[in-house]
Amino acid sequence: MDKFLTHTGVAVPLKRSNVDTDQIIPAVYLKRVTRTGFEDGLFAAWRNDPEFVLNRPEYAGASILVAGPDFGTGSSREHAVWALQNYGFKVVISSRFADIFRGNSGKAGLLAAQVDEKVVQKIWDHLEEHPGATVTVDLESRTVKAGEGPDAIEDSFDIDDYTRWRLLEGLDDIGITLSHEADITAYEATRPSWKPVTQH
Amino acid sequence: MGRTLAEKVWDEHVVRTADGEPDLLYIDLHLIHEVTSPQAFDGLRLAGRKVRRPDLTLATEDHNVPTLDWDKPIADPVSRTQVETLRRNAEEFGVRLHPLGDVEQGIVHVVGPQLGLTQPGMTIVCGDSHTSTHGAFGAIAFGIGTSEVEHVLATQTLMQARPKTMAVTVNGSLPPGVTAKDLVLTLITHTGTGGGQGYIVEYRGQAIEELSMEGRMTVCNMSIEWGAKAGLIAPDQTTFDYLEGRPEAPKGADWDAAVAHWKTLVTDEDARFDQEIVLDASTMTPFVTWGTNPGQGVPLGGVVPDPAEFEEEQDRVAAEKALEYMGLEAGTPMREVKVDTVFVGSCTNGRIEDLRLAAEIIKGHKVDPDTRLLVVPGSVRVRMQAESEGLDVIFKEAGAEWRGAGCSMCLGMNPDQLTPGERSASTSNRNFEGRQGKGGRTHLVSIPVAAATAIRGTLSSPADLVPAGSTHESEA
Ligand code: SF4
């Protein structure tokens, strides 16, 4: 997993609340056998609409999603996180995330930045005026920034310390465990010889 | 203070503990199948990681493989892709695989014990919730999700919070004709589907000790259906006798060393469980489900319950919904429920002992003309053993379909599915809405009830059958 320190990218306003995982990636896409390629299923039900925000040219190459409250509710599918990442998103900003979605995001390296509802509104307003504008999300200082001058937005976001540390260090669960590899190897040396193996 | 069996096995596998962190637990055996592994292997590939211990990993194809025409390419494209992906991954990462057509192929929870890979005191995981089956040998065995599958592949460990412990003591002996399946269905109705949440359960007491390994596997298999993380049973002479001589069981001096250790794997007299349940086996009777979760059951001699009689509002609502889905009227005797399909198989009841018992009851009878009987051995070995004993002939002469090995109608991922509204009596473990096919209605039953039901066409026990050879079966 790549280390996440700070990220600046084009932000997309997704002005909907309660976007559940079925809307993020419908079940028909789950039959796949890969962890990549889910970008085509992202928000599939809405993508047919040429007016849907992701279809607008100014948001091409977007990497920050700014969504309404209760993002990621519904079934616990990790594919929802993969679909967002496969599309190119590095950050989702919302005023409230479903717990499981937030957990899955942290594990996979997608930053779920929880901000005050007013901040979401301010960013939405800013993007309305300046479609295609970038937003900066700094994980070290836990801040989001957008715009310049007197109208500039700068506010903090919430993320638990453990998830923040993992993202900063670029550690997934496996990476964390492998940092204790010496312990695993030492344990293996103590296993009785009669324990079964599948290959001889 | 003494320790429980589960605590002893757990302690033996702790690689690392740290305050405020879950234990890092070593995994002795990782079982793999085609449905929950593809993304785990893909994750390894993306991160440039290898399988740490291919020699502690075993893969088989079971969940969506066809039970007919298994020598031809799989017709369903999704199943075919999953199976082919598993084959490619096994090859690339050096994992031993028993594919369709291989003599060791079968349901992952049948294959492990049958090879002798499942042994007392082990930690065993698989991306499948019924991994609890292996607990019958005194192992800690539980199901994991796909990202954990990847974690075990890469590290041979899992981060796990230590679960609470529970004892289920079943005193007395099961009456004749009452099986391990009836015991566990009775237990689940007693506790509800969430009663075991957060616990590793040790099944003990006279009735458990008297069970064969197959029966113990049936009980442990369904631990997950009442919410338990895992279920286990202390190893004893029955366990050792089952294991001795199996292909992957220890041999010679290793065998003696292993048995000496396994004998220490019992709960100490002064150990304490966080929770205890006591049941009496001698009052148990054949037990069947009427609803859409495994905790909605009654004795076969009972009637479809009236939702109004449930005390809790949520149970009442659940019962109403279940009866509507199941197409049942409150007050109908269970014995009058007409069944379209009987499924004998699955990791709950698809072992050789199960097929022997079914054949013994069916022998000389005919399957009811309006009922279909599907017999699906849990593994190719079970199938071959059954054929060498002539069980297939008994089934076929009765009018049953004799199939290849796999999960089959347990979850209907392959073509073996119920049609909407079709009613089954199934020896499997889940009666959820649509589990055996969209709109299908499932009654969970034991092997004797399944066999007798196939003959009479309504939910029945062998006691309802007139002796084979009589022509008056349908009026019996
Ligand atoms: S037989 Fe059923 S419960 Fe057992 S592993 Fe297969 S699908 Fe799961």
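Values in this document were obtained by computation on a predicted structure and should not be read as measured data.

Enquirer: Help me understand the sheet that holds strand β8 (residues 157-160) of chain B, please; the structure alone is not making it clear to me.
Expert: In sheet architecture, strand pairing relies on hydrogen bonds along the backbone and comes in two forms, parallel and antiparallel. Taken together, 3 strands build an open sheet; the order of strands is β1-β2-β8 (chain B) and the sheet is antiparallel. At either margin of the open sheet sits one strand with a lone partner, and together these are β1 (14-16) and β8 of chain B. Neighbour-to-neighbour, the strand axes of the sheet open up by a mean angle of 40°, direction not taken into account. Across 4 bridges, strand β2 (residues 23-26) of chain B lies against β8(B) in antiparallel orientation. Within the sheet, the bridge partner assigned to B:Asp23 lies in β8(B) and is B:Gln160. Together, β1, β2 and β8 of chain B form the strand contacts of helix α8 (residues 181-189) of chain A, whose direction differs from that of β1(B) by roughly 145°.

Enquirer: Sorry if this is basic, but what is going on with the pairing of strand β4 (residues 57-60) of chain B here?
Expert: Residues and elements named next belong to chain B. Here β4 shows no split at all, with Thr 57 and Ala 59 on one side and Leu 58 and Thr 60 on the other all buried. The pairing of strand β3 (residues 29-32) with β4 spans 3 bridges and is parallel. Paired with Ile 32 across the strands is Ala 59, a residue of β4. Crossover handedness for the path β3 to helix α2 (residues 38-47) to β4: right-handed. Sheet analysis places β4 next to strand β5 (residues 96-98), joined by 3 bridges and oriented parallel.

Enquirer: Looking at this model, I keep getting lost on the interface of chain A and chain B. Mind explaining?
Expert: Each side of the interface is counted separately: chain A has 32 residues, and chain B has 47 residues. Across the chain A/chain B interface, buried area totals approximately 3,300 Å², and carbon plus sulfur atoms make up 56% of it. For the salt bridge of A:Glu188 with B:Arg53, the shortest nitrogen-to-oxygen distance reads 3.1 Å. Summed over the shared surface of chain A and chain B, the result is 23 residue pairs in polar contact (both at pLDDT 80 or more). Looking at the side of chain A that touches chain B, the elements with two or more residues in it are α3 (79-87), α7 (173-178) and α8 of chain A.

Enquirer: How should I be thinking about the site of the ligand in this particular structure?
Expert: All names here are of chain B. Within the structure, the ligand sits among His 63, Ile 107, His 109, Asp 128, His 130, Ser 346, Cys 347, Cys 407, Cys 410, Leu 411, Asn 429 and Arg 435. Judged by the proximity of its atoms to the pocket grid, the ligand belongs to the second largest pocket. Of the residues belonging to the shell around the ligand, the class tally is 5 nonpolar, 5 polar and 2 charged. Each of domain 1 (5-276) and domain 2 (287-475) gives at least three residues to the shell around the ligand.

Enquirer: Quick question: what am I supposed to make of empty space enclosed by the protein here?
Expert: Remark: the empty space left among the atoms is shown by a probe the size of a water molecule rolled over them. All names here are of chain B. What the rule picks out here adds up to 2 cavities of 30 Å³ or more. Estimated volume of the largest cavity: approximately 40 Å³. Lining of the largest cavity is provided by Ala 6, Glu 7, Trp 10, Arg 162, Pro 163, Lys 164, Thr 165 and Ile 200. If you list the elements that add at least two residues to the lining of the largest cavity, you get α1 (5-11) and β9 (164-171).

Enquirer: Would you explain the UniProt feature "binding site: [4Fe-4S] cluster" (unreviewed entry) in chain B in this entry?
Expert: Residue and element names in this part refer to chain B. Here the UniProt-annotated "binding site: [4Fe-4S] cluster" (unreviewed entry) positions come out as Cys 347, Cys 407 and Cys 410. These residues run over 64 residues, yet every pair of their C-alpha atoms falls within 8.7 Å of each other. When only the residues just named are considered, the second largest pocket is lined by Cys 347, Cys 407 and Cys 410. Looking at the element boundaries, Cys 407 is found in the loop between β17 (401-402) and β18 (423-426). Residue classification places Cys 407 among the buried residues on the basis of a relative accessible area of 7%. In this structure, Cys 407 is in contact with Asp 62, His 63, Ile 107 and Phe 343, ignoring residues within four places of it in sequence. Here Cys 410 shows up in the loop between β17 and β18. Beyond its immediate chain neighbours, meaning those up to four positions away, Cys 410 contacts Phe 343, Ser 346, Ser 428, Asn 429, Arg 435 and Gln 436.

Enquirer: Honestly, the nonpolar core in this entry has me stumped. Any pointers?
Expert: Proteins that are soluble and globular tend to have nonpolar side chains buried together. B:Phe41, B:Val168, B:Val170, B:Tyr203, B:Trp226 and B:Trp262 are the most contacted members of the largest nonpolar core, which totals 74 residues. The leading source of residues in this core is helix α6 (residues 180-191) of chain B, at 6 residues. Setting aside chain neighbours within four positions, we find B:Phe41 in contact with B:Ile32, B:Val51, B:Leu86, B:Asn89, B:Phe93, B:Val95 and B:Leu153. Core analysis: the second largest hydrophobic core is formed by 56 residues, A:Ala11, A:Ile25, A:Ile123 and A:Ala146 among them.

Enquirer: What's the story with the UniProt feature "domain: Aconitase A/isopropylmalate dehydratase small subunit swivel" (unreviewed entry) in chain A in this structure? I'm lost.
Expert: Look at the UniProt record and you will see "domain: Aconitase A/isopropylmalate dehydratase small subunit swivel" (unreviewed entry) annotated at residues 1-116 of chain A. This span, residues 1-116 of chain A, is 23% helix and 18% strand, and a straight line between its end C-alpha atoms measures 28 Å.

Enquirer: What's the story with the packing of helix α13 (residues 352-362) of chain B against helix α15 (residues 391-398) of chain B in this structure? I'm lost.
Expert: Helix packing for two helices is described by the angle between their axes and how far apart those axes are. Residue and element names in this part refer to chain B. The N-to-C vectors of α13 and α15 enclose an angle of 45°; their axes lie 9 Å apart at closest approach. Our classification of the angle between α13 and α15 gives oblique. The two elements α13 and α15 meet at a crossing, and its hand is left-handed. Contact residues: Ile 352, Leu 355, Arg 356, Ala 358, Ala 359 and Ile 362 in α13; Leu 391, Ile 394, Phe 395 and Ala 398 in α15. Residues that form the contact of α13 with α15 fall into these classes: 9 nonpolar, no polar and 1 charged.

Enquirer: Teacher, can you tell me more about the side chain of A:Ser94 here?
Expert: All names here are of chain A. As for its placement among the helices and strands, Ser 94 is situated in strand β3 (residues 91-94). Residue Ser 94 is classed as buried on the basis of its relative accessible area, which comes to 0%. Looking at Ser 94, its side chain comes within polar contact range of the main-chain oxygen of Gly 68, at 2.8 Å. Excluding anything up to four places from it in sequence, Ser 94 contacts Ala 67, Gly 68, Pro 69, Asp 70, Phe 71, Ala 113, Gln 114, Val 115 and Val 120.

Enquirer: Please explain the confidence of the model for chain B as it appears in this structure.
Expert: Regions with low pLDDT carry predicted coordinates that are not meant to be interpreted in detail. Mean pLDDT over chain B: 96, with 98% of residues reaching 70 or higher. Interface scoring of the predicted complex returns ipTM 0.94; its pTM is 0.92.

Enquirer: I would appreciate a short explanation of the sheet that holds β18(B) in the present structure.
Expert: Residues and elements named next belong to chain B. What the 5 strands build is an open sheet, ordered β17-β16-β15-β18-β19; its pairing is parallel. Since the sheet does not close on itself, it has two edges, and those belong to β17 and β19 (441-444), each with one partner. Two strands pair when backbone bridges link them, and strand β15 (residues 341-344) and β18 are joined in this way by 3 bridges, in the parallel orientation. When the bridges of β18 are listed, Thr 341 appears paired with Ser 424.

Scoring rules and cut-offs
- Residues numbered from 1 in each chain as written.
- Chains lettered and ligands numbered in written order.
- Predicted model: local features only at pLDDT ≥ 70, side-chain atom pairs only at ≥ 80, totals over all residues.
- Heavy atoms only, no water.
- Pairing = 2+ DSSP bridges.
- Helix = DSSP H or I, 4+ residues; strand = E, 2+ residues; numbered from the N terminus.
- Axes fitted to C-alpha atoms, helices over the stretch in contact; angles between N-to-C directions.
- Contact = heavy atoms within 4.5 Å.
- Buried < 20%, exposed > 50% of the residue type's maximum accessible area, 1.4 Å probe, protein only.
- Right-handed = clockwise from strand over helix to strand, strands pointing away.
- Buried area = accessible area lost by both parts, 1.4 Å probe.
- Salt bridge = Lys/Arg side-chain N within 4 Å of Asp/Glu carboxyl O.
- Polar contact = N/O pair within 3.5 Å; in protein donor to acceptor, adjacent residues only side chain to side chain.
- Near = heavy atom within 4 Å.
- 1 Å grid on protein atoms, 1.4 Å probe; cavity = no way out; pocket = protein on both sides within 12 Å on 5 of 7 lines; lining within 4 Å.
- Sits in = over half its atoms within 2 Å of the grid points.
- Nonpolar A, V, L, I, M, F, W, Y, C, P; charged D, E, K, R; others polar.
- Domains from an automatic or database assignment.
- Points joined across faces, edges and corners; volume = space filled by probe spheres on them.
- UniProt positions renumbered as here; feature names shortened; annotations may be inferred.
- Core = buried A, V, L, I, M, F, W, Y, C linked by side-chain atoms within 4.5 Å.
- Parallel < 35°, antiparallel > 145°, perpendicular 65-115°, else oblique.
- Left-handed = near helix turned anticlockwise from the far one by under 90°.
- pLDDT = per-residue confidence, 0-100.

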